[in-house]
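Next come the chains, spelled out residue by residue.
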Amino acid sequence: MRSVRAVTIEPGVAGSVRVEDVPEPQAAMGSILVASLVVGVCGTDVEIVAGIHGTAPPGRTRMVLGHESLGRVLEAAPGTGVQTGDLVVGIVRHPDAVPCPNCAIGEWDMCRNGEYTEHGIKSIDGFMSERWRVQPTFAVRVDPALGELGVLLEPTSVVAKAWEQIDATRSRALWEPQRVLITGAGPVGLLAAMVGAQNQLDVHVLDRVTSGPKPDVVRDLGATYHSGAIADIGFEPDIVVECTGDGQLVVDAVTHVARGGVVCLIGSGGGSATTGMTAADLATKVMRSNNLVVGIVNANRRHFDRAAQALADADHDWLARLITRRVAPERVLDAVTREPDDIMVVVDFSR
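The structure presented is a predicted model; accordingly, all values stated were derived computationally and were not measured.

Chemist: Help me understand the nonpolar core, please; the structure alone is not making it clear to me.
Modeler: Judged by nonpolar contacts, the single largest core of 72 residues is most densely connected at Trp163, Ile182, Met194, Val241, Leu319 and Leu322. Setting aside residues no more than four positions away along its own chain, Leu322 makes contact with Leu152, Leu190, Leu191, Val217, Ile343 and Met344. Val17, Val41, Leu65 and Val345 belong to the second-largest nonpolar core, a separate cluster that totals 24 residues.

Chemist: Help me understand the sheet that holds strand E7 (residues 93-94) in this model?
Modeler: Within a sheet, adjacent strands bond to each other through the backbone by hydrogen bonds, running parallel or antiparallel. Within the open sheet, the three strands sit side by side as E7-E8-E9. Their pairing is mixed. The strands lining the two open edges of the sheet, one partner per strand, are E7 and strand E9 (123-124).

Chemist: Just checking my understanding: could you explain empty space enclosed by the protein for this structure?
Modeler: Space left empty within the atom packing is revealed by a probe, the size of a water molecule, rolled over the atoms. All told, the structure shown has one cavity of 30 Å³ or more when counted by the stated rule. Computed from the structure, the largest cavity encloses a volume of approximately 30 Å³. Around the largest cavity, the lining residues are Val209, Ser211, Gly212, Pro213, Lys214, Pro340, Asp341 and Asp342. For the lining of the largest cavity, a count of residues per class yields three nonpolar, two polar and three charged.

Chemist: Any chance you could explain the sheet that holds strand E4 (residues 63-64) here in plain terms?
Modeler: Pairing within the open sheet is antiparallel, and its three strands lie in the order E2-E1-E4. Since the sheet does not close on itself, it has two edges, and those belong to strand E2 (18-23) and E4, each with one partner. The pairing of strand E1 (residues 3-9) with E2 spans six bridges and is antiparallel. Paired with Arg5 across the two strands is Asp21, which belongs to E2.

Chemist: Is there a simple way to think about the pairing of strand E15 (residues 239-242) in this case?
Modeler: It is a general feature of regular strands that their side chains alternate between the two faces of the sheet. What you see with E15 is no split at all: Ile239 and Val241 on one side and Val240 and Glu242 on the other are buried throughout. Pairing between strand E12 (residues 179-183) and E15: four bridges, direction parallel. Following the sheet pairing, Ile182 is matched in E15 by Val241. Examined bridge by bridge, E15 and strand E16 (residues 262-265) share four bridges and lie parallel to one another. Along E16, the bridge assignment pairs Val240 with Val263.

The rules behind each value
- Per-chain numbering applies: the sequence of each chain, read as written, is numbered from 1 onward.
- Under the rules for a predicted model, residues below a pLDDT of 70 receive no local features and side-chain atom pairs below 80 are neither given nor counted, while totals for whole chains, interfaces and linings still include all residues.
- By convention in this description, side-chain values take in all heavy atoms of the structure and omit both hydrogens and water.
- Think of a nonpolar core as a cluster: buried Ala, Val, Leu, Ile, Met, Phe, Trp, Tyr and Cys residues, connected wherever their side-chain atoms sit within 4.5 Å.
- The buried label applies to any residue whose accessible area, calculated with a 1.4 Å probe on protein chains only, is under 20% of its type's maximum; exposed applies above 50%, and partly exposed to all values in between.
- Note on definitions: a residue-residue contact is assigned when non-hydrogen atoms from the two residues lie within 4.5 Å.
- Criterion used throughout: strands pair if DSSP finds at least two bridges between them.
- The helix and strand labels rest on DSSP assignments: H or I over at least four residues marks a helix, E over at least two residues marks a strand, and numbering proceeds from the N terminus.
- Here a cavity means grid points, on a 1 Å grid over the protein atoms only, where a 1.4 Å probe fits yet cannot get out; a pocket means an open set of points with protein on both sides within 12 Å along at least five of seven lines; lining residues are those with an atom within 4 Å of a point.
- Grid points are joined across faces, edges and corners, and a volume is the space filled by probe spheres set on the points.
- Each residue is assigned to one class: nonpolar for Ala, Val, Leu, Ile, Met, Phe, Trp, Tyr, Cys and Pro, charged for Asp, Glu, Lys and Arg, and polar for all the others, Gly among them.

Here's what the structure looks like:
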């Protein structure tokens with residue numbers, strides 16, 4: 001049997017990541033065969049490598065890592081919607097086998113019973129492999145003009161879902177948001193800021209760094225960069241998109257959002273300690289201000305399609321600045337070890 005080079009991990013075991021030869025994916029895993037180009041590395045991958053979470057496919061102890069994909073189609077049957085040579089991204093989450101009511105209608109990102117699967121995270125191999133397969137339903141064709149910037153599609157899909165959820169809150173009452181604060185200037189935070197700017201909002205981004213590429217990237221988007229505390233930015237935002245998962249920032253976001261405003265939680269944190277308010281006081285603040293706090297994770301096909309449009313509408317030179325480092329598969333540990341100027345790091349299979 002032919003083998004391919006892949007980055008694998010034993011979920012739950014810190015330090016078990018390695019590059020090894022694995023069997024080439026079989027046709028049963030998807031009728032579209034893809035040659036991997038680049039795979040993004042995000043905080044979820046860092047946590048899996050650290051042994052914090054992740055679930056191997058049934059009957060196995062190891063799993064191929066990686067969920068932020070981009071590859072070129074090698075084989076595709078007629079009627080799949082793609083053809084040889086196309087750039088594609090694989091949708092991360094698949095519906096559960098039951099399926100629950102949401103999975104049954106294509107809203108698998110809102111799975112109710114938790115039996116979904118996710119490439120490189122939960123029960124399905126990921127995309128950090130020389131070649132991978134995907135079913136047509138879960139393959140998203142990328143505009144050739146984006147080239148390798150198509151690796152930004154998966155994180156942008158999460159952002160597209162966040163803005164969809166925020167927009168849905170307009171039905172609560174008359175609400176015309178003007179200012180949005182994004183906490184965290186990583187890939188998701190900067191892409192959230194990009195979509196906020198596309199929506200003609202006054203965009204502000206807060207991050208702890210004061211040097212490096214992030215401040216200039218934010219300013220060149222036409223947004224305002226802040227460092228320090230939310231309390232010091234000088235206004236109460238109508239929307240806060242929290243992309244760090246830091247406990248104190250979550251508390252500060254809920255504390256300082258404007259009346260009737262929305263806090264959208266995208267980041268996943270490690271349970272850091274917080275100061276300043278008890279849970280009861282925080283709940284009282286939300287209640288008395290008619291605030292809404294919503295958490296979102298993952299995305300479905302609709303969000304990937306909206307993300308593709310957002311990237312197509314963006315300045316591609318600006319997008320290219322978000323990819324700050326490339327590493328070979330053999331140096332994957334370098335990819336999960338953050339450097340001060342990192343925004344997005346990719347594992348490069350194209351060479």
